[in-house]
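Okay, here's what each chain looks like letter by letter:
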Amino acid sequence: MKLQNTIFLALCCTLGLFAKKLISPFSNVVTDALHIPGGVSTAFSLMFLVVAAGITKQKWSATLMGAVQSVLALAFGMGGGMGILAPVGFILPGVMIDLVVTLQKSREREQTVRLFLANVLASMTAALSADLLAFRLHGPALAVYLGVAATSGGICGYLAGILCGRLHKTNLFHVD
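Now for a quick tour of the structure. No experiment lies behind these values; they were computed from the predicted model shown.

## Examining the overall build of the protein
1) Next: Along the backbone of the protein there are 6 helices and 0 strands.
2) Next: Ordering the α and β elements of the protein from the N terminus gives α-α-α-α-α-α.
3) Next: Projected onto its principal axes, the C-alpha coordinates of the protein cover approximately 45 × 30 × 25 Å.
4) Next: The 176 residues of the protein split such that 45% are buried.
5) Next: Excluding contacts between residues fewer than 6 apart, the proportion of contacts in the protein whose partners are at least 24 apart in sequence is 75%.
6) Next: Only carbon and sulfur atoms are counted for the fraction: they give 71% of the accessible area of the protein, which is about 8900 Å².
7) Next: The average position of the 12 basic charges and that of the 6 acidic charges among the side chains of the protein differ by 5 Å.

Following this line, the structure appears as structure tokens:
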């Protein structure tokens, strides 16, 4: 892996954590009104992992970034309701991103669709893992929680596609 790609992965990993912390107060307005645990700020945070995986095209980069984020989150006390099991909530969405972005072979013009799908599925994976480990929602509450995670994941996935397209045009990143 090139040093330039490694630095970009580290930057996106850090941006994802701190963006989640910054957007959480605004996303809490939505989630408090719906009486669900979250999902909006997580989708925004995952967008940075999707962008990094989409730009560098390194296999298992999102999983690695999820693992690094989980260690940092625990160190900074950002584990949330999952506590010591928070790494599961960071790593599983990274695995989902990698499965969609790096393992699926397709044409470059379909990248926006891949990034959209990766962010939606990663957001839903994060919501499901949080539900299984901490929240234990069921029925309509779980459906609303997953719906909010999918919707916010779709919006952020669309933004990730736009951002990756613009970053590719700069020719700053050369994939080997």
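On we go from here.
## Re the side chain of glutamine 69
1) Next: Looking at the secondary structure, you find glutamine 69 in helix α3 (residues 61-76).
2) Next: On the basis of relative accessibility, which here comes to 1%, the residue glutamine 69 falls in the buried class.
3) Next: Residues contacting glutamine 69, with those up to four places away along its chain left out, are Cys13, Gly16, Leu17, Ser45, Leu49 and Phe90.

## Examining helix α4 (residues 86-101)
1) Next: Look at α4: 23 Å from first C-alpha to last across 16 residues, which is about the 22 Å you get at 1.5 Å a residue.
2) Next: Residues Ala86, Gly89, Phe90, Pro93, Gly94, Ile97, Asp98, Val100 and Val101 constitute the buried set of α4.
3) Next: In the core, the buried residues of α4 are packed alongside α1 (3-34), α2 (40-56), α3 and α5 (111-135).

## Some remarks on the layout of surface pockets
1) Next: The computed volume of the largest pocket comes to approximately 630 Å³.
2) Next: Lining the largest pocket are 32 residues, and of these Lys20, Ser41, Thr42, Gly80 and Met82 sit closest to its centre.
3) Next: Of all the elements in the fold, those that place two or more residues in the lining of the largest pocket are α1, α2, α4, α5 and α6 (140-169).
4) Next: Here the lining of the largest pocket takes 7 residues from α1, the largest share from any one element.

## So, the nonpolar core
1) Next: If you look at the biggest cluster of nonpolar residues, it comprises 28 residues, and the most contacted ones within it are Phe8, Val51, Met65 and Ile97.
2) Next: Among the secondary structure elements, those contributing two or more residues to this core are α1, α2, α3, α4, α5 and α6.
3) Next: When residues in this core are grouped by element, the largest group, 10 residues, is from α2.
4) Next: Beyond its immediate stretch of four places on either side in the chain, isoleucine 97 contacts Leu46, Leu49, Val50, Ala53, Ala62, Thr102, Ala118 and Ala122.
5) Next: By size, the runner-up hydrophobic cluster in this structure holds 15 residues, among which are Met78, Met82, Phe90 and Ala130.

## Examining the packing of α1 against α3
1) Next: For the pair α1 and α3, interaxial distance at closest approach is 10 Å and the crossing angle is 45°. Between α1 and α3, the angle falls in the class oblique. Crossing angle aside, the handedness with which α1 passes α3 is right-handed. Between α1 and α3, the residues in contact are Leu9, Cys13, Gly16, Leu17 and Phe18 and Ser61, Met65, Val68, Gln69, Leu72, Ala73 and Phe76, respectively.
2) Next: Across the contact of α1 with α3, the residue classes tally to 9 nonpolar, 3 polar and no charged.

Definitions and limits used
Within any chain, residue numbers begin from 1 and follow the written order of that chain's sequence. Per-residue local features are limited, in this predicted model, to residues with pLDDT of at least 70; the limit for side-chain atom pairs, both in listing and counting, is 80 or more; totals at the level of whole chains, interfaces and linings are taken over all residues. Side-chain measures here rest on the full set of heavy atoms in the structure, leaving out hydrogens and waters. The secondary structure listing takes helices from DSSP runs of H or I that are at least 4 residues long and strands from runs of E that are at least 2 residues long, numbered from the N terminus. Burial classes follow relative accessibility: with a 1.4 Å probe on protein chains only, a residue under 20% of its type's maximum area counts as buried, one over 50% as exposed, and anything between as partly exposed. Contacts were defined at the residue level, with two residues in contact if any of their heavy atoms lie within 4.5 Å. Here the open area of atoms and residues is found with the Shrake-Rupley method and a 1.4 Å probe, where only the protein chains shown may cover a residue. Only four residue types enter the tally: Lys and Arg on the positive side, Asp and Glu on the negative side, with His and both chain ends excluded. Each charge is placed at NZ for Lys, CZ for Arg, CG for Asp and CD for Glu. A helix is expected to reach a length of 1.5 Å times the quantity of its residues less one. Residues are called lining when one of their atoms sits within 4 Å of a cavity or pocket point, these points coming from a 1 Å grid over the protein atoms alone, where a cavity is a set in which a 1.4 Å probe fits but cannot get out and a pocket is an open set with protein on both sides within 12 Å along at least five of seven lines. Grid points are joined across faces, edges and corners, and a volume is the space filled by probe spheres set on the points. We define the nonpolar core as a collection of buried residues of types Ala, Val, Leu, Ile, Met, Phe, Trp, Tyr and Cys that are connected through side-chain atoms lying within 4.5 Å of one another. Helix axes are fitted to C-alpha atoms over the stretch in contact, other axes to C-alpha atoms as well, and angles between N-to-C directions run from 0 to 180 degrees. Our angle categories are set so that under 35 degrees counts as roughly parallel, over 145 as roughly antiparallel, 65 to 115 as roughly perpendicular, and the remainder as oblique. With the far helix as reference, a near helix turned anticlockwise by less than a right angle produces a left-handed crossing, and one turned clockwise produces a right-handed crossing. Asp, Glu, Lys and Arg are counted as charged, while Ala, Val, Leu, Ile, Met, Phe, Trp, Tyr, Cys and Pro are counted as nonpolar; the rest, among them Gly, fall into the polar class.

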